[in-house]
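Breakdown of the fold
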Amino acid sequence: MTDSILSKAATMEIPINSNGDTRTAEEDSLEQDLQQVMVSGPNLNETSIVSGGYGGAAEGIIPTSSIKGPGIRFNPEYFDRRCGHAPKPDIRSKSRGIIPSQLAASRIANQPGHYQAPNMHHSNSNPSMISEEATRGVAVEKFDNVKKWSINTYKCTKQMFSERFGRGMKTVDQELEAQIDVLKETKLKYECILRLARALTNHFYNMVQTQQALGDTFADLSQKSPELQDEFGYNAETQKLLCKNGETLLGAINFFVSSINTLVNKTMEDTLMTIKMYENARLEYDAYRTDLEEMSAGPRDAATIMRIEAAQQQYQIHKDKYERLRSDVSIKIKFLEENKVKVMHKQLLLFHNAISAYFAGNQQQLEQTLRQFNVKLKPPGSDKPSWLEEQ
């Protein structure tokens, strides 16, 4: 009974046309579509199936999301039957559905007209990959710098504590250390001279301002007091003369203060900065020297020998740096001493002559002293800020 039902279903499914051929119109259209696809490839501009659901499903257009499986099913039995050397198809297998052939899919994919979209993700990812690699390189470099700084700081700290507690050996250049100590003491004394000279300048400036105000008051009273006009007039002229000589002396003292300030806070400070770099280099040199000595005294194997060679290189680098800075310090101290003698000889002579001429009341000698040392007086009111600076 089952065979009769299947035979009836097969008879209903396969109609015979007027020429006796078993092909239907649906199969003919399918063959034509398949041949067109294999020759020219799918036309991407005429359908929205390949768009992957881009946009919306319009009337008469099947969206890609609604298609299950491939859009075209290839029937190998149909082509074999057309060639005339294939057995008759099993109607039961046709009614159950035919599995698509992988051979047809590969043939369609290998057609020359098949278009492959460019790899946009790869082209767009190149700049991001380059920037990522650059960022990674910077991070690695920073990490290496921090690592080197940490190792160097640890070694130097260990060496410093060893020297403080008398356990470590310290490299000492006695002659150079003595010169450095003398320079530091000299700087302290010159700072004291600079501080006292500034205090003298401030006090003397206030005295000159007081003399000027007193001279103006005497001049005003000489006009308003006829009976004491001559007495007030004499005192007014004396105070104005003292005020003028005081401003000249202030110019000499300000020049003296400026020169001492340059010597102490620029020339000496530059040499002390080099000395500080020298002391740091000495500490690093001793730290790496001690590290190398400890490695050399221990047992040696392949790994230890490699570490000893690396320590030897670091030791040589810091030794060269230490010797170079020691030479720089010696040269700068020598030049500083020569410059200090030259500057102080001129400034002390200026200060002595100006003070002596002022208190002796010798105005001509005071002015000659300023001309001798090329001291230019500032015009009155030049120290006051301009109206632009006050805004």
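An account of the accompanying structure is given in this report. Everything numeric here is computed off the predicted structure, so don't read it as measured data.

1. Overview of the pattern of salt bridges
Where side chains of opposite charge bring their charged atoms close, a pairing between them can arise. For the structure on display, the rule yields twelve salt bridges. Ionic pairing is found between K321 and E284, a salt bridge with its closest N-O pair at 3.7 Å. Taken together, the positions of K321 in helix α9 (residues 302–360) and E284 in helix α8 (residues 229–297) put the pair 37 residues apart, joining distant regions of the chain. For K321, a relative accessible area of 32% translates into the label partly exposed. Taking relative accessible area as the criterion, E284 reaches 14% and is therefore assigned buried. Note that E337 is salt-bridged to K340, the shortest N-O span being 3.2 Å. With E337 and K340 both in helix α9 and three residues apart, the pair spans about one turn of that helix. We classify E337 as partly exposed; its relative accessible area is 41%. One continuous salt-bridge network, built from bridges that share partners, spans R282, D286, R289 and E293.

2. Let's talk about the packing of aromatic side chains
The tally for this structure, following the rule as stated, stands at eight aromatic pairs. Taking the centre distance of 5.3 Å and the plane angle of 80° together, the rings of F204 and Y358 count as edge-to-face. Here F204, found in helix α7 (residues 174–224), pairs with Y358, found in helix α9; they are 154 residues apart in sequence, far enough to count as distant. Where F256 meets F351, the ring centres are 4.9 Å apart and the plane angle is 35°; that geometry is what we call tilted. Separated by 95 residues along the polypeptide, F256 in helix α8 and F351 in helix α9 bring together distant segments of the chain.

Conventions and cut-offs
- Residues numbered from 1 in each chain as written.
- Predicted model: local features only at pLDDT ≥ 70, side-chain atom pairs only at ≥ 80, totals over all residues.
- Heavy atoms only, no water.
- Salt bridge = Lys/Arg side-chain N within 4 Å of Asp/Glu carboxyl O.
- Helix = DSSP H or I, 4+ residues; strand = E, 2+ residues; numbered from the N terminus.
- Buried < 20%, exposed > 50% of the residue type's maximum accessible area, 1.4 Å probe, protein only.
- Phe/Tyr/Trp six-rings, centres within 6.5 Å; stacked < 30°, edge-to-face > 60°.

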